[in-house]
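Remarks on the overall topology
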Amino acid sequence: MQQNSLRNLISIIAKLPGLGRRSARRIALHLLQHKELMHKLSESIISTAKEMKFCEICNNLDSVSPCAICSSSTRDKSLICVVEGVADLWALERSRLYNGLYHVLGGTLSAINGTTPESLTIDKLKRRLVSNIGEVIIATNATLEGESTGHYIASLVEKAGIKATRLAHGIPMGAELDHMDDGTLTIALKLRQLF
Ligand SMILES: [Zn+2]
């Protein structure tokens, strides 16, 4: 018979992305068998929750606001890359290929989930579309909602007289056509380039 506190812990873990009750039970049991890890985890969660905040300019997560990217003196401040979430920003940073600024939307527009421009950080983005910005790169995901959000933002950017570009979508390196899903193949064909 599980105690209340243990049952509570299992239901909290089960709320994490990608985990169900079965994995939550295994994790809770593992933590109970490794008390030192359990204490470290709980301390780390409390201190991270206290320390991390959303950047007032771009909505990135950092211990300071404005974040290190927004206040960096070496980044190209004429470029803004619009992403859906912080995980996308991290992915682009890992590539080390991009040296401009970001804007994190906090999701996508969705009629089904009732996500409107007001519930994202689109107003904040509008205020950033000023004359010293030369280009806005729209890097929303290649999903239906990512695409329509991208189109919406592109129209705002163009209205402000700024160039809007998007990431090329296509076939990943090393992939075979036979294994592509129809959406990827359709976009790759539509955005075909000269050899
Ligand atoms: Zn920032």
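Residues numbered from 1 in each chain as written. Predicted model: local features only at pLDDT ≥ 70, side-chain atom pairs only at ≥ 80, totals over all residues. Heavy atoms only, no water.

**Here's the deal with the pattern of salt bridges**
Oppositely charged side chains may form a pair once their charged atoms are brought near each other. Applying the stated criterion to the full structure yields five salt bridges. Where E135 meets K163, a salt bridge forms, and the shortest distance between an N and an O atom there is 4.0 Å. Here K163 lies in strand β6 (residues 163–166) and E135 lies in strand β5 (residues 135–138), a separation of 28 residues in the sequence. (Salt bridge = Lys/Arg side-chain N within 4 Å of Asp/Glu carboxyl O. Helix = DSSP H or I, 4+ residues; strand = E, 2+ residues; numbered from the N terminus.)

**Points about the packing of helix α2 (residues 21–33) against helix α3 (residues 35–51)**
Two packed helices can be described by the angle between their axes and the distance between those axes. Close contact between α2 and α3 brings their axes to 5 Å; oriented N to C, the two are set at 110°. Between α2 and α3, the crossing angle belongs to the class labelled roughly perpendicular. Packed against α2, whose contacting residues are H30, L31, L32 and Q33, the element α3 presents K35, L37, M38 and L41 at the interface. Looking at side-chain class alone, the contact of α2 with α3 contains five nonpolar, two polar and one charged residues. (Axes fitted to C-alpha atoms, helices over the stretch in contact; angles between N-to-C directions. Parallel < 35°, antiparallel > 145°, perpendicular 65-115°, else oblique. Contact = heavy atoms within 4.5 Å. Nonpolar A, V, L, I, M, F, W, Y, C, P; charged D, E, K, R; others polar.)

**Digging into the coordination of the zinc ion**
Looking at the zinc ion, the protein donor atoms are C55 (SG), C58 (SG), C67 (SG) and C70 (SG), and they sit 2.3 Å from it. Bound by four donor atoms, the zinc ion shows angles of 105 to 115° at the metal and therefore tetrahedral coordination geometry. (Donors = N, O, S within 2.8 Å, 3.2 Å for Na, K, Ca; no water. Tetrahedral: all angles 85-135°; square planar, octahedral: opposite > 155°, others 65-115°.)

**Structural notes on the side chain of T140**
Along the polypeptide, T140 turns up in the loop between β5 and α6 (144–159). Reaching out from T140, the side chain makes a polar contact with the backbone oxygen of G146 at a distance of 2.9 Å. In this view, T140 contacts V82, E84, L105, G146, G150 and H169; residues no more than four positions away in its chain are not counted. (Polar contact = N/O pair within 3.5 Å; in protein donor to acceptor, adjacent residues only side chain to side chain.)

**Remarks on the packing of aromatic side chains**
This model, assessed by the stated rule, comprises one aromatic pair. With centroids separated by 5.1 Å and ring planes inclined at 65°, the aromatic side chains of Y98 and Y102 adopt a geometry described as edge-to-face. As far as the burial class goes, Y98 and Y102 line up, both buried. (Phe/Tyr/Trp six-rings, centres within 6.5 Å; stacked < 30°, edge-to-face > 60°. Buried < 20%, exposed > 50% of the residue type's maximum accessible area, 1.4 Å probe, protein only.)

**Looking at the environment of R7**
When you line up the elements, R7 lands in helix α1 (residues 4–13). Classification of R7 as partly exposed rests on a relative accessible area of 35%. A distance of 2.7 Å separates polar atoms of two side chains, one belonging to R7 and the other to N4.

**Let's talk about the domain arrangement of the protein chain**
Each assigned domain of the protein chain is listed with its residue range as follows: domain 1 (4–51) and domain 2 (61–166). Centre-to-centre, using C-alpha coordinates, domain 1 lies 33 Å away from domain 2. (Domains from an automatic or database assignment.)

**A closer look at the sheet that holds strand β4 (residues 100–104)**
In space, the four strands of this open sheet follow the order β4-β3-β5-β6, with parallel pairing throughout. The open sheet has two free edges, formed respectively by β4 and β6, since each of these has just one partner strand. If you compare each strand with its neighbour and ignore which way they point, the axes differ by 25° on average. Bridge count between β5 and β6: four bridges; the pairing is parallel. Residue pairing across strands places V136 opposite A164, the latter belonging to β6. On the sheet, helix α4 (residues 86–95) packs against β3 (76–83) and β4 and is oriented at approximately 160° with respect to β4. (Pairing = 2+ DSSP bridges.)

**Re the UniProt feature "zinc finger region: C4-type" (unreviewed entry) in the protein chain**
With numbering aligned to this structure, UniProt lists the feature "zinc finger region: C4-type" (unreviewed entry) at residues 55–70. The span residues 55–70 is 0% helix and 12% strand, and its two end C-alpha atoms sit 8 Å from each other. (UniProt positions renumbered as here; feature names shortened; annotations may be inferred.)

**Observations concerning the UniProt feature "domain: Toprim" (unreviewed entry) in the protein chain**
The sites that carry the UniProt feature "domain: Toprim" (unreviewed entry) are, in the present numbering, residues 78–172. Between the first and last C-alpha atoms of residues 78–172 the distance is 29 Å; the span itself is 35% helix and 20% strand.

**Quick word on unusual backbone geometry**
For residues that are not glycine, phi is negative in most cases, and the peptide bond is trans in most cases. A cis geometry characterises the amide bond from S65 onward to P66, with omega recorded as 0°. Structurally, P66 can be placed in the loop between β2 (61–62) and β3. At N59, a residue that is not glycine, the phi angle is positive and equals roughly 75°. Here N59 is to be found in the loop between β1 (53–54) and β2. The buried category is assigned to N59, whose relative accessible area is 13%. Phi at R96 is positive, roughly 55°, even though this residue is not glycine. Inspection of the secondary structure assignment puts R96 in the loop between α4 and β4. Taking relative accessible area as the criterion, R96 reaches 76% and is therefore assigned exposed.

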